[in-house]
Amino acid sequence: MKTLSLSSRNFKEIYRDPLTISLGLALPVLLMILFSSIFKRAQVEIFSPTLLTPGVLIFSFSFIIMFSSVLISKDKENSFLTRLFTTPLKPSHFILAYMLPYIPFALTQTLICILTGVFLGADFQNILPVLGIFFLISFTCICMGVTLGALLSVNQVSAVGSLLITVISLFSGAWMDLHMVGGLFETIGYALPFAHAIDAAKILLRGGETTGIMKNLFPVIAYTVVFFFTAILSFRKTIKRG
Amino acid sequence: MQNKAAISAKELTKHFGSRKAVQHVSFDIKQGEIFSLLGTNGAGKTTTIKMLCCLLKPTSGNAQIMGNPINQGTMKIKRIIGVSPQETAIAGHLNTRENLILMGGVHGLSQKESKKKAHQLMDLMELEDRRDQARKLSGGLQRRLSIAMALMSDPQILFLDEPTLGLDPHARKSVWNYIEKLKGEKTILLTTHYLEEADSLADRIAIMNKSKIIEMGTSSELKKKYNTRQTLNIKTNNITTKEIEMLQQKGMDVLQTPSGIEITGNNPDFYTLVDILRSGNVKIEAIHMPEPTLDDVFIQLTGKEAQP
Ligand SMILES: Nc1ncnc2c1ncn2[C@@H]1O[C@H](COP(=O)(O)OP(=O)(O)OP(=O)(O)O)[C@@H](O)[C@H]1O
Ligand SMILES: [Mg+2]
């Protein structure tokens, strides 16, 4: 009940912010339409609706990092969190309440992107396991947001958040094939979970075997677990600092 | 009113690195008492409150809230306290009612109880049930909402850190009226820079300066103790430097004002004063001896005015 009260506040805070809605939900649709019109003219394969969808979706998850970290750091800065720290909420209540509302948000993003993909003519296979991968990556983004929000100030979070969005956009392979670029670009890209998630999703969506994605799945899961713990630890640290 | 201590601080000390924010602060606040902490900016009031409501761990010393030590099992304490922080701490995207219901919810009240309590508090604090998000309310309304949020759980103990900061005189009065109503019922620790607020509301006052409590007592005790120097305003328009010099020779501290003179001193001798004024045919139009105020005590103790 206590978690629900706070998470429903956080939920409203998300959905009443026009910027969150436009960047998180409208932008991906726009990008999908834009890139698929390029595909229609130039037939660049990675911009085909089936292959484009995972990239756009994972890029739009990167905004969750920004939204959730800004929400927490703002709550810290205007003492709203300080006030809540004097109430009988436990650390687990806080962490859940700041994470839960982004799950329906990420699911809405997923649904919107998949429907737009279908509308643009994509033919998706293996949709259920792919949803699992999307869930893991979106949850990693939520945990990254909570970690940053708990540790940094609003200004720092805005800077680091924008940087991360750019990094994810460039190094996830959403707009280009990292193997073709090669070199340091490829190395960095595959040191992060995003390119792995996109690769795995592409393989599955084109009808590939689940066994073909194991090497990609491992880093995705590892990052999810790591950031889940950093989120818990950093929020606990914030509570301790009052 | 019972006499048991609701809040008991013993040698509370907090250092931030090398900065000594609070040093050896001790006091007992009885149940139902309103206790006011006064002090200049940076004196350590907020830090003291933060330690008492388990937000900060003291560097040394201890305190008990209704018998529960602050350094172990803070949950018991958090259930019985309400805090209105110095900053206006509200959820900007929620409206007034939603903010209040949220506080009810995090304290474990049911939705129905929360709604009822929110309704009562909005009436009492003269908060309209507007649909506007709280971030769009005026500063004063946000402040009142912030105080009301501290009251949602009907706490036994209330910490109000500068509750009337930024309120207009009317709103300030209505907050005072409300706090007055809680007198005897709730234990309240209140900090303020408005000395008349402490004077009219608080049963006892502690004055903090440079991280320490330097004086404590009821308002009248403090005034009696520190207002040995009285001021006398004499309204006249024909006093000359001759009489002023004569008064000064008698050891009186005389200041010429636009309407006459102001004499300050430890019990100035009235007979001598009148004799001198008469000898110069000075026409006295009015004599006024202002009541000592808490401001005088504050300035004497801290060397500064209270209101920044
Ligand atoms: N988190 C912190 N880190 C370092 N120093 C701090 C911290 N919080 C407070 N201080 C310092 O502790 C001292 C006391 O601050 P505090 O906020 O308790 O004063 P105050 O009496 O509430 O002042 P004001 O009337 O301005 O609100 C100040 O010197 C302040 O700079
Ligand atoms: Mg303060």
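Everything that follows concerns the structure shown earlier in this document.
Residue numbers restart at each chain and count upward from 1, following the sequence in its written direction. Whichever chain is written first is A, and whichever ligand is written first is 1; the rest continue in order. Totals for whole chains, interfaces and linings use every residue, but because this is a predicted model, local features are given only for residues with pLDDT of at least 70 and side-chain atom pairs only at 80 or more, for both listing and counting. In computing side-chain values, all of the structure's heavy atoms are included and hydrogens and water are not.

### Examining the overall build of chain B
Next up, step 1: Tallying secondary structure elements over chain B gives 11 helices and 14 strands in all.
Next up, step 2: In terms of its C-alpha atoms, chain B occupies a principal-axis envelope of roughly 80 × 45 × 40 Å.
Next up, step 3: When burial is assessed residue by residue, chain B has 53% of its 308 residues classed as buried.
Next up, step 4: In the structure as shown, chain B presents an accessible area of about 14,800 Å², 47% of it carried by carbon and sulfur atoms. Strands here mean DSSP runs of E at least two residues long; helices mean DSSP runs of H or I at least four residues long; both are numbered from the N terminus. For the exposure calls, accessible area comes from a 1.4 Å probe over protein chains only, and a residue counts as buried if that area is under 20% of its type's maximum, exposed if over 50%, partly exposed in between. Residue burial considers only the protein chains on display, and all accessible areas are found by Shrake-Rupley using a 1.4 Å probe.

### Here's the deal with the coordination of the magnesium ion (ligand 2)
Residues and elements named next belong to chain B.
Next up, step 1: Atoms of type N, O and S within 2.8 Å of a metal are treated as its donors, and for Na, K and Ca the window is 3.2 Å; water is not considered, so some sites may appear to be missing partners. Bound to the magnesium ion (ligand 2) are the protein donor atoms T46 (OG1) and Q86 (OE1), situated 1.9 to 2.1 Å from the metal. One end of the pair, T46, is in helix α1 (residues 45–52); the other, Q86, is in the loop between β6 (81–84) and α3 (96–106), with 40 residues separating them in the sequence.
Next up, step 2: In this structure T46 comes out as partly exposed when scored by relative accessible area, which is 22%.
Next up, step 3: For Q86, a relative accessible area of 25% gives the class partly exposed.

### Let's talk about the packing of helix α6 (residues 102–119) of chain A against helix α7 (residues 127–151) of chain A
Residue and element names in this part refer to chain A.
Next up, step 1: An axis is simply a line fitted to the C-alpha atoms; with a helix, the fit covers only the stretch in contact. Between two such axes, the angle follows the N-to-C directions and lies from 0 to 180 degrees. At a minimum axis distance of 10 Å, the contact between α6 and α7 shows a crossing angle of 135°. Put simply, α6 runs oblique to α7. Where α6 crosses over α7, the two elements pack in a sense that is right-handed. Here Y102, I103, A106, T110 and I114 of α6 come into contact with α7, specifically with I127, L131, F134, F135, S138 and I142.
Next up, step 2: Three classes are used: nonpolar for Ala, Val, Leu, Ile, Met, Phe, Trp, Tyr, Cys and Pro, charged for Asp, Glu, Lys and Arg, and polar for all others, with Gly counted as polar. For the contact of α6 with α7, the class distribution of residues is nine nonpolar, two polar and no charged. For this classification, under 35 degrees means roughly parallel, over 145 means roughly antiparallel, 65 to 115 means roughly perpendicular, and everything else is oblique. Crossing handedness is defined as follows: a turn of the near helix away from the far one that is anticlockwise and smaller than a right angle gives a left-handed crossing, while the clockwise case is right-handed. Residues count as neighbours in contact if any of their non-hydrogen atoms are within 4.5 Å of one another.

### Thoughts on helix α12 (residues 214–241) of chain A
Since the α-helix packs 3.6 residues into each turn, any two residues three or four apart lie on the same face.
Residue and element names in this part refer to chain A.
Next up, step 1: In this analysis, the expected span of each helix is defined as 1.5 Å times one less than the number of residues it contains. Here α12 is 28 residues long and its end C-alpha atoms lie 41 Å apart, about the 40 Å a rise of 1.5 Å per residue gives.
Next up, step 2: Taken as a whole, α12 has its buried residues at N216, L217, P219, V220, T224, F227, A231, S234, F235 and T238.
Next up, step 3: Lining the buried residues of α12 we find α3 (49–77), α4 (80–85), α5 (91–99), α7 and α11 (193–205).
Next up, step 4: Note on α12: the residue one or two positions beyond its end, G242, has a positive phi of about 70°.

### Brief notes about the environment of A63 of chain B
Residue and element names in this part refer to chain B.
Next up, step 1: Along the chain, A63 turns up in strand β4 (residues 60–65).
Next up, step 2: Take A63: its relative accessible area is 1%, and that puts it in the buried class.
Next up, step 3: Not counting chain neighbours up to four residues away, the residues in contact with A63 comprise S8, A9, L12, L52, N68, P69 and I70.

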